[in-house]
Amino acid sequence: MKFSQTKIDGVFEIDLEPHGDDRGFLARAYCADEFARAGITFTSTQINISRNTSALTLRGMHWQKAPYAEAKLVRCVRGRIFDVVADVRPGSPSYLTWLGRELNADHGAALLIPEGCAHGFLTLEPGSDVLYQMGRPHTPGKADGFRYDDQAFAIVWPERPSVIAAADLAWTPWQAR
């Protein structure tokens, strides 16, 4: 695996290093020892998959409030998504900064998202599946979030979403907090 620090403190892009032959390839997608050698503390305790039927489905932007905060390793395993991380950690050097990356099944890259960062994505193809390796089990009822179009972040999405959950549209504006 190849680890690249992004402009948001603690967010890493993780690329596969495939070993291929005439059958295809094999690549390590997660290894606690390799993460530790890269100086990253992350242990996967729960794995979730998000099935998204339609293109332009938006999920997010949300995170779990402390002390239930979740780190996550996010990878698109079918289709393509535009994955977004926003730093909502007061005191962080990258506070209120966002970044977006296309993740797709062909390339296999992942984003490691630390506790306290908001996450969301927009599907770019129908039938896109997203695999989440979570750093702790999910605790229902402890979520927080902001709308995908909140001007405090001014996230530039590659397309206008067409499928959004009512809950993701109901978040309080960031400036109203």
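Before any of the text, the structure's been laid out above.
Cut-off values and rules
- Residues numbered from 1 in each chain as written.
- Predicted model: local features only at pLDDT ≥ 70, side-chain atom pairs only at ≥ 80, totals over all residues.
- Heavy atoms only, no water.
- Pairing = 2+ DSSP bridges.
- Helix = DSSP H or I, 4+ residues; strand = E, 2+ residues; numbered from the N terminus.
- Axes fitted to C-alpha atoms, helices over the stretch in contact; angles between N-to-C directions.
- Salt bridge = Lys/Arg side-chain N within 4 Å of Asp/Glu carboxyl O.
- Buried < 20%, exposed > 50% of the residue type's maximum accessible area, 1.4 Å probe, protein only.
- Polar contact = N/O pair within 3.5 Å; in protein donor to acceptor, adjacent residues only side chain to side chain.
- Contact = heavy atoms within 4.5 Å.
- Phe/Tyr/Trp six-rings, centres within 6.5 Å; stacked < 30°, edge-to-face > 60°.
- Lys NZ or Arg CZ within 6 Å of the ring centre and 35° of its normal.

Colleague: Would you take a moment to explain the sheet that holds strand 2 (residues 12–15) for this structure?
Modeller: Hydrogen bonding along the main chain pairs the strands of a sheet, whether they run parallel or antiparallel. In spatial order, the strands read 1-2-10-7-12-5; together these six strands make up an open sheet with antiparallel pairing. Each edge of the open sheet carries a strand with a single partner, namely strand 1 (2–5) and strand 5 (46–52). Each strand axis lies, on average, 25 degrees off the axis of its neighbour in the sheet, ignoring direction. Bridging between strand 2 and strand 10 (residues 110–113) involves three bridges; their strand directions are antiparallel. Residue Ile 14 lies in a different strand from strand 10, and its bridge partner there is Ala 110.

Colleague: Help me out: how do you make sense of the pattern of salt bridges in this one?
Modeller: In a structure, side chains of opposite charge can pair up when their charged atoms sit close to one another. This model, assessed by the stated rule, comprises 11 salt bridges. Between Asp 129 and Arg 51 there is a salt bridge; the shortest N-O distance is 2.7 Å. Taken as a pair, Asp 129 in strand 12 (residues 128–134) and Arg 51 in strand 5 lie far apart in primary sequence, 78 residues in all. Taking relative accessible area as the criterion, Asp 129 reaches 4% and is therefore assigned buried. Accessibility expressed as a relative area gives 54% for Arg 51, which makes it exposed. Here Asp 129 makes a salt bridge to Arg 78, at a shortest N to O gap of 3.3 Å.

Colleague: What exactly am I supposed to notice about the side chain of Ser 92 here?
Modeller: Among the secondary structure elements, Ser 92 is positioned in the loop between strand 8 (80–87) and strand 9 (98–104). Owing to a relative accessible area of 13%, Ser 92 belongs among the buried residues under this scheme. One polar contact links Ser 92 to Asp 87, side chain to side chain, over a distance of 2.5 Å. Not counting residues up to four positions away in its chain, the partners in contact with Ser 92 are Asp 9 and Asp 87.

Colleague: Would you mind showing me how to read unusual backbone geometry here?
Modeller: That bond from Gly 60 to Met 61 is cis: its omega, 10 degrees, falls within 30 degrees of zero. Tracing the backbone through its elements, the reader meets Met 61 in strand 6 (residues 57–64). Cis peptide bonds are those with omega within 30 degrees of zero, and the linkage from Ala 66 to Pro 67 qualifies with 5 degrees. Relative to the assigned elements, Pro 67 resides in the loop between strand 6 and strand 7 (72–78). Unlike most non-glycine residues, Leu 56 shows phi in positive territory, near 65 degrees. The topology assignment puts Leu 56 in the loop between strand 5 and strand 6.

Colleague: Honestly, the pairing of strand 8 in this entry has me stumped. Any pointers?
Modeller: Strand 8 sits mainly inside the fold: seven of its eight residues count as buried. By the bridge criterion, seven bridges tie strand 8 to strand 9 in an arrangement that is antiparallel. The residue bridging Ala 86 from the neighbouring strand is Trp 98, located in strand 9.

Colleague: Just to check I follow, could you spell out the packing of aromatic side chains for this structure?
Modeller: Any pair of aromatic rings gets described here by the distance separating the centres and the angle formed by the planes. For the structure shown, the criterion picks out 11 aromatic pairs. Chaining the aromatic ring pairs together yields one cluster made of Phe 3, Tyr 30, Phe 35 and Phe 42. In this structure, Lys 7 packs its charged tip against the face of Trp 98, placed 5.9 Å from the ring centre.

Colleague: Quick question: what am I supposed to make of the environment of Thr 97 here?
Modeller: Along the polypeptide, Thr 97 turns up in the loop between strand 8 and strand 9. The exposure class of Thr 97 is partly exposed, given its relative accessible area of 24%. Separated by 40 residues in the primary sequence, Thr 97 and Thr 57 place their C-alpha atoms 23 Å from one another. Among residues more than four places away in sequence, those in contact with Thr 97 are Lys 7, Ile 8, Val 85, Ala 86 and Asp 87.

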